[in-house]
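# Coordinates in review
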Amino acid sequence: MIYAFVVHIGRKAGLSDPEGTTTGKALRDLGFRGVGNVAFGRTITLEIDADSQDAARIKVDEMCQKLLANPVMEHYTIEAVS
Amino acid sequence: MIYAFVVHIGRKAGLSDPEGTTTGKALRDLGFRGVGNVAFGRTITLEIDADSQDAARIKVDEMCQKLLANPVMEHYTIEAVS
Amino acid sequence: MTTQETPTHIQLGMTDTEYESVIDVLGREPRPAELAMYSVMWSEHCSYKSSRSHLGRFRSDQPWVVVGPGENAGVVDLGDGWLAALRIESHNHPSFVEPYQGAATGVGGILRDIFTMGARPIAVWDPLRFGPLDDARNRYLLEGVVSGIAGYGNAVGVPTLGGEVEFADRFSKNPLVNVMALGILKREQLVLSAASGKGNVAVLLGNATGRDGIGGASILASASFEEGDAEKRPSVQVGDPFEEKKLIETCLELYDRGLVIAIQDLGAAGISCATSETAGNGGMGMDVDLDAVHVREPGMTPGEVLMSESQERMLAIVSPDRLDEVLDVAMKWEIDASTIGTVTEGPELKVYAGGDLVAEVPAASLTDDAPRYERPACRPGYLDTAWARDPVIPDDIDAGGTLRVLLDDPAIGDRSWISSQYDHMLFLDTVIEPGHDGSLLRIKGTHKAMAVSTDGDSLRTYLDPRRGAARIVFESALNVAVTGARPYALVDNLNFGNPEIPGVMWQFIEVVDGMAWACEELDVPVVGGNVSFYNQTDGIDIYPAPVVGMLGFCDPMPEHPPRLDRAEEGMAIWIVGQDPQGDFAASAYDRVVNGNLGGRPLDVDGEVARRVVAGAAKLAFEVPVLHDISFGGLAVALAEIAFASGIGFAIEGVSGRDLFDETPLRFIAAARSDDLDTSVPHARVGTVGGDLLDFGQAGSMPLSEGKAIWGDALPRRMR
Amino acid sequence: MTIAVVVFPGTNCERDVTHALGLVGADAELAWHKDRDLGGASGVVLPGGFAHGDYLRTGAIARFSPIMAEVERLASEGVPIIGICNGFQILCEAGILPGALIANRDLKFICKPIHLRVESTDSVLTRAAQVGRVLRIPLNSYEGNYIATDIDTVEDAGNVILRYSDPRGTVDDRSDPNGSTNSIAGVTNENRNVAGLMPHPERAIEEILGSSDGRVLFESFVASVEAVHA
Ligand SMILES: Nc1ncnc2c1ncn2[C@@H]1O[C@H](COP(=O)(O)OP(=O)(O)O)[C@@H](O)[C@H]1O
Ligand SMILES: [Mg+2]
């Protein structure tokens, strides 16, 4: 059975986010008012073939720790989709 | 009042997604089984100062159409967070 | 966090005696912020307390030296008003913690050292050392470091023109990431870091200050000071090449318009270091207002702002009546700027926050009064056992079979997997690109050119620190000479283990002696460098890894500088320089084929070095192909020419043993002539042609096969 | 007759392009992205680099610089305009050229000389070349992978002017360094007065730098500018 997940990866607090800062500035330069903090993140959508939803989620979590997220700089959450 | 949104930006179907393809391959090389399609996306989290949730969302939608997403190759969805 | 038991200064890595001398300097107990400042400024990294007393043995009094060691970068005179600025730095530990960002911010840091001098940075080199690539973690580090250098260097718009890479077990948990940068300027643009003129103002330019890499963190968070938000302090710094690019253009425009009196980049200890150094160097003082600093996030404590090591920031000392012009230039380039200080008679550096005085120290004391140590040194015991393990080398080595093994070694195989990820062509000055012995850059509008080679050889240096160090100086000299340049100035990066271990300190002293001697012999000034101690993996010290960056200079440059890809059918092949003397200690053959590391490397005669280097530089104006013989010996050097030119060769009368001998100060010449016009001893050994790497009775292998193995050595491991 | 070379914050090839134009006998003037008009420029070059750090999306922020309105106006008036590498990416983002550029197939920055086959001489960048001619020109990009939703329209309209090939001019997946759709390395617009390419012809302008195959592209451009100017 195929299960789908979205992994949300964000940058840890305190780290600078040049892309976010630059994009925020660009929005203000374009005349948008009231633009506060702008932060960048990534999502990875995966299809996993496994026996159960839980088994699949465990796999995805392992993938995040091994490859998808960089524990030194990033935190992640796993969301099941259907 | 400050409203927060997450904009999810993804590559249009049918267009190549090197990050997704390469990550899928890397996962299989690492020995993960049952890895199906892998797709990459970007999230942009914004704080917007506006009179109402709706007013803020309209602004964000405008930002997406103008700058945050490229209609030629990307689609986007806007999610309100609190 | 502070605890009752351990005194704060100990937590900050200060000895009791060091703490005592802080009290002597101040005549009282230091305030928390002051203690944080001294703890960082008097650290090994900032104060060179273990190495300083030895570095004096390097000479830099040659007439063409404009600025020697001590400033942000060394500067030499290229004639007609042109100057070159060069510097090398290490970013070893951050690159192990996070390879991409660690290497990226390393590039950013070394570039600031260059444009702080008034120079436009024009090139970068990246000497790298990793553990063996059969370990996934080491592959991850190589991949990350190379993309970090590419990601930052390419985007900031400074080409990376080469480097070198070594693989050995002792770098597994402590990779070495050194970065060298070169800049060019006209004499009138030279700027130094000594603030002058009471009433002049200090302007902080560039990135907003965040909670990055804060030294003395524990005391800053301690209740006695103010509540710092410790978990908000990131363990990694993110590089912003775009900000750096704008900062470069801003500073260069400020220099052009004569708006800068003195300038200093912000590195370790951030604002506290930059303000005290500019003031101290000028024999002045400074009043600093931390409330004026533009910050990245709310709620930062004064201590955090003072000590933050956020990247891409500069401190410029400017005259108050030109301040508006300075701010206009910053605004044009969309760079944030804040006026944070005023130069005073001194000698005090006074730091205010929220109206309170948080620090008041004699500006110069942070640098001048730093401790110096004569650390005990003694010859380590491993040397005798290592020397006893003499390489066993047969006379009749089969060249073909051996090359199949050596060409697949990642330190011998094609390095373009690395260099092709770097922009190495920007500015249209790269006459000789990565893949040759040294890179050659022309200076447009003149006939001048600069050549650079970075070299290190940690295993040979391990077997004999003094000889090993001298030999990398000579190798780098020959690497620039074969492009037509004469060795002109050198920067060094001394990567070592724990200096509190006498054996390591002995290695360090031997290396400095060997390097200083070799530079004397070649009359090459040492204009700058960097020392990186405490490199250990699993408690074992790394192999001693001095790295040199040699700047060569020629005026005029050769019209057609020698290249590896200019060998053609029928050219005669010569070996120029010393005869092979059976130098196999730490050779590719002994390490890769025998799996041994032992014996004692040959010594080198300074007179021979001078003659061979000068001979190569002269031949470079007449001969289409020159290539120095280094790791892998004659066989590998010939193969590299064949691969680049796409044509084979036939060698006669060289024994299998001599093909892999690594006796230094030898090079290959290929030319259409019956003899070479040189007084350096030389012998014809064969002819260019065919599609074989043909070593006569020593064996052969097809060019195509050798090239395939050589070309895939790195890619196949990184796939 | 002068050619404007547009500089955005983060642009880094402006001096190289100026040098190359000089070698083919044209004077260039640098224009700042905040400028609102390009004076009497009879041709425009958007050079390579990393405008606004390539943050968000390559070219995304640069396309909103004040000068781009002027570039669009000149484009519609038939003034010859070329974009090189980052300049090409900006022209695509601005919708002046079709398609978009995304990360290379292997997610690695590529800096090396590659081969290009001239597909059409009906553009301001190729008019002096011959169809089928193979040029050796350096590539220098991370986002050089060309995609387009309406790829068939682009092809059918004959808007493809350059493709990656091998030294003999054969075009296939092996000769495509970055995964570009149909090996596309350069395109032009409907009016044929705007063209963009990923490789850097200014880096192949002198033999001492390894190749002078880039000259013919600059000569084409300068000839086009002169033709319109006259
Ligand atoms: N880390 C690196 N980055 C860029 N180029 C490199 C790197 N390592 C090696 N190279 C290039 O590969 C070529 C061969 O390197 P090396 O064998 O160390 O030269 P040599 O033996 O002549 O000192 C040189 O041109 C060098 O610049
Ligand atoms: Mg060499």
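Up top is the structure.
A short tour of the structure in this document, coming up. (Residues numbered from 1 in each chain as written. Chains lettered and ligands numbered in written order. Predicted model: local features only at pLDDT ≥ 70, side-chain atom pairs only at ≥ 80, totals over all residues. Heavy atoms only, no water.)

## Looking at the overall build of chain C
Using the following cut-off: In this text, helices come from DSSP runs of H or I with a minimum length of four residues, and strands from runs of E with a minimum of two, each type numbered from the N-terminal end. Radius of gyration: C-alpha atoms only; globule rule: 2.2 Å multiplied by the number of residues to the exponent 0.38. Only protein chains enter the accessibility calculation, which uses a 1.4 Å probe; a residue is then buried when its area is under 20% of its type maximum, exposed when over 50%, and partly exposed in between. Note on contacts: a residue pair qualifies if any of its non-hydrogen atoms lie within 4.5 Å across the two residues. Using the Shrake-Rupley algorithm and a 1.4 Å probe, accessible areas are obtained, with residue cover drawn only from the displayed protein chains. Positive charge is attributed to Lys and Arg, negative charge to Asp and Glu, and no charge count is given to His or to the chain ends. Here the site of a charge means atom NZ of a Lys, CZ of an Arg, CG of an Asp or CD of a Glu.
When helices and strands are tallied, chain C shows 25 helices and 28 strands. Here the C-alpha radius of gyration of chain C, 26 Å, is about what a compact globule of 719 residues would show, namely 27 Å. Overall, chain C is about 85 × 55 × 45 Å in size when its C-alpha atoms are taken along their principal axes. Relative to its full complement of 719 residues, chain C shows a buried share of 66%. At a minimum sequence separation of 6, the contacts of chain C that also span at least 24 residues come to 85%. Summed over its atoms, the accessible surface of chain C is roughly 23000 Å², and 50% of this surface lies on carbon and sulfur atoms. Charge separation in chain C, taken as the distance between the mean sites of 57 positive and 106 negative side-chain charges, equals 2 Å.

## Focus on the overall build of chain A
In terms of regular secondary structure, chain A is built from two helices and three strands. Beginning at the N terminus, the succession of helices and strands in chain A can be written as β-α-β-α-β. Relative to the compact-globule value of 12 Å for 82 residues, chain A shows a C-alpha radius of gyration of 16 Å, a clear excess of over 25%. Its C-alpha atoms put chain A at 50 × 30 × 15 Å along the principal axes. Here chain A holds 82 residues, and 45% of them are scored as buried. A total of about 4000 Å² of accessible surface is found on chain A, and carbon and sulfur atoms cover 52% of it. Here chain A holds 9 positive side-chain charges and 11 negative ones, and the gap between their average locations is 10 Å.

## Focus: the nonpolar core
Nonpolar side chains in soluble globular proteins tend to be buried together. Inclusion rule: Buried Ala, Val, Leu, Ile, Met, Phe, Trp, Tyr and Cys residues form a nonpolar core when they are joined through side-chain atoms within 4.5 Å.
Residues Phe8, Leu21, Leu38, Val45, Met68, Ile81 and Tyr146 of chain D are the most contacted members of the largest nonpolar core, which totals 69 residues. Among the elements that line this core, the one with the most residues is helix H5 (residues 215-229) of chain D, at six residues. For Ile81 of chain D, the contacting residues outside a window of four places in its chain are Val44, Val71, Leu74, Ala75, Leu91, Val124, Asn193, Val194, Ala195 and Phe221 of chain D. In this structure, Ala104, Val158, Ile263 and Ala330 of chain C belong to the second largest nonpolar core, which totals 63 residues.

## Regarding the site of ligand 1
Residues and elements named next belong to chain C. We apply this condition: If a single non-hydrogen atom of a residue is within 4 Å of a molecule or strand, that residue counts as near it. A 3.5 Å cut-off defines polar contacts: any pair of N or O atoms within that distance qualifies, except that in protein one atom must be a possible hydrogen donor and the other a possible acceptor, and neighbouring residues in sequence count only when both atoms are side-chain atoms. Each residue is assigned to one class: nonpolar for Ala, Val, Leu, Ile, Met, Phe, Trp, Tyr, Cys and Pro, charged for Asp, Glu, Lys and Arg, and polar for all the others, Gly among them.
Taken together, the neighbourhood of ligand 1 is formed by 19 residues, with Asp126, Glu164, Gly435, His436 and Asp455 sitting nearest. Asn479 is positioned such that a nitrogen or oxygen atom in its side chain is 3.1 Å from an oxygen atom of ligand 1. Notes on ligand 1: free accessible area 550 Å², of which the protein chains cover 89%. For the shell around ligand 1, the elements supplying multiple residues, two or more each, are strand S4 (120-130), strand S5 (160-167), helix H17 (416-419) and helix H19 (465-481). A total of four residues in the shell around ligand 1 trace back to one element, the largest contributor, which is S5. Classifying every residue of the shell around ligand 1 by side-chain character gives five nonpolar, seven polar and seven charged.

## Comments concerning the relation of the copies chain A and chain B
Short version of the rule: Alignment of copies: least-squares fit on C-alpha atoms of residues with pLDDT of at least 70 in both copies.
Its rotation angle being 180°, the transformation that places chain A on chain B also includes 0.1 Å of axial translation and leaves an RMSD of 0.4 Å. Accordingly, the operation relating the two chain copies is best matched by a two-fold axis. Among all residues of chain A, the minimum C-alpha distance to the rotation axis is found for Arg42 of chain A, at 2.3 Å. A share of 100% of interface residues in chain A that are also interface residues in chain B marks the association as one of identical surfaces.

## Digging into the packing of aromatic side chains
Convention followed: Here a Phe, Tyr or Trp ring, Trp counted by its six-membered ring, pairs with any other such ring whose centre lies within 6.5 Å, and the pair is stacked when the planes are under 30 degrees apart, edge-to-face when over 60, and tilted otherwise. The criterion for a charge sitting over a ring is simple: Lys NZ or Arg CZ within 6 Å of the ring centre, and within 35 degrees of the ring normal.
Overall, the coordinates contain 17 aromatic pairs over all chains when judged by the stated rule. If you follow Arg486 of chain C out to its NZ or CZ, it ends over the ring of Trp64 of chain C, 5.4 Å from the centre.

## Remarks on the interface of chain B and chain D
Rules: Two parts placed together each lose some accessible area; with a 1.4 Å probe, that loss summed over both constitutes the buried area. Salt bridge, as applied in this entry: a Lys or Arg side-chain nitrogen positioned within 4 Å of an Asp or Glu carboxyl oxygen.
On the side of chain D, 17 residues touch chain B, which itself brings 17 residues to the contact. Overall, the association of chain B and chain D removes approximately 1400 Å² of surface from exposure, summing both partners, and the carbon and sulfur fraction of that is 68%. On inspection of chain B and its partner chain D, the count reaches one salt bridge. Arg57 of chain D is the salt-bridge partner of Glu74 of chain B, the closest N and O atoms lying 3.7 Å from each other. Run the count over chain B and chain D and you get four residue pairs in polar contact (both at pLDDT 80 or more). For the side of chain B that touches chain D, the secondary-structure elements that each account for two or more residues are helix H1 (18-29), strand S2 (35-49) and helix H2 (53-68) of chain B.

## Considering the interface of chain A and chain B
Defined as follows: A pair of strands counts as paired when DSSP detects no fewer than two bridges linking them.
At the interface, 29 residues of chain A touch 29 residues of chain B. Counting each side, the surface lost to burial between chain A and chain B is near 2500 Å², with a carbon and sulfur contribution of 66%. Where chain A packs against chain B, one counts zero salt bridges. Along the contact surface separating chain A from chain B lie 12 residue pairs in polar contact (both at pLDDT 80 or more). Split into classes, the residues belonging to the side of chain A that touches chain B amount to 14 nonpolar, eight polar and seven charged. Relative to S2 of chain B, strand S2 (residues 35-49) of chain A runs antiparallel, the two sharing 11 bridges. Residue pairing across strands places Ile48 of chain A opposite Val35 of chain B, the latter belonging to S2 of chain B.

## Overview of the sheet that holds strand S3 (residues 43-46) of chain D
All names here are of chain D. Rule in force here: A fitted line through C-alpha atoms serves as each axis, taken over the contacting stretch for helices, and the angle formed by two N-to-C directions is quoted from 0 to 180°.
As summarised here, the arrangement of the nine strands in space is S2-S1-S3-S4-S11-S10-S9-S6-S7, forming an open sheet in which the pairing is mixed. Sheet topology places strand S2 (27-32) and strand S7 (134-141) at the edges, where each strand pairs with a single neighbour. Strand-to-strand twist of the sheet, defined as the mean angle between neighbouring strand axes without regard to direction, takes the value 25°. Contacts from helix H1 (residues 14-23) reach strand S1 (2-7), S2, S3 and strand S4 (81-84), with the element oriented near 165° to S1.

## Some remarks on the arrangement of the chains
Counting contacts across all five pairs of chains that touch, the top-ranked interface belongs to chains A and B. The two partners chain B and chain C share no contact, and the minimum distance between any of their C-alpha atoms is 10 Å.

## Side note on the side chain of Asn479 of chain C
All names here are of chain C. Take Asn479: it is sitting in helix H19. Of the polar contacts made by the side chain of Asn479, one reaches the side chain of Ser453; its length is 3.1 Å. Ignoring sequence-local partners within four residues, the contact set of Asn479 consists of Asp437, Gly438, Ser453, Asp455 and Asp628.

## A few points about the pattern of salt bridges
Residues and elements named next belong to chain C. The final tally for this structure, using the stated rule, is 68 salt bridges over all chains. Asp113 is paired through a salt bridge with Arg87; the nearest N and O atoms lie 3.5 Å apart. On the criterion of sequence distance, the pair formed by Asp113 in helix H7 (residues 99-115) and Arg87 in strand S3 (residues 82-90) is long-range, its members being 26 residues apart. Each member of the pair Asp113 and Arg87 is classed as buried. Residues joined in a network through salt bridges with shared partners are Arg211, Asp212, Arg296, Glu297 and Glu304.

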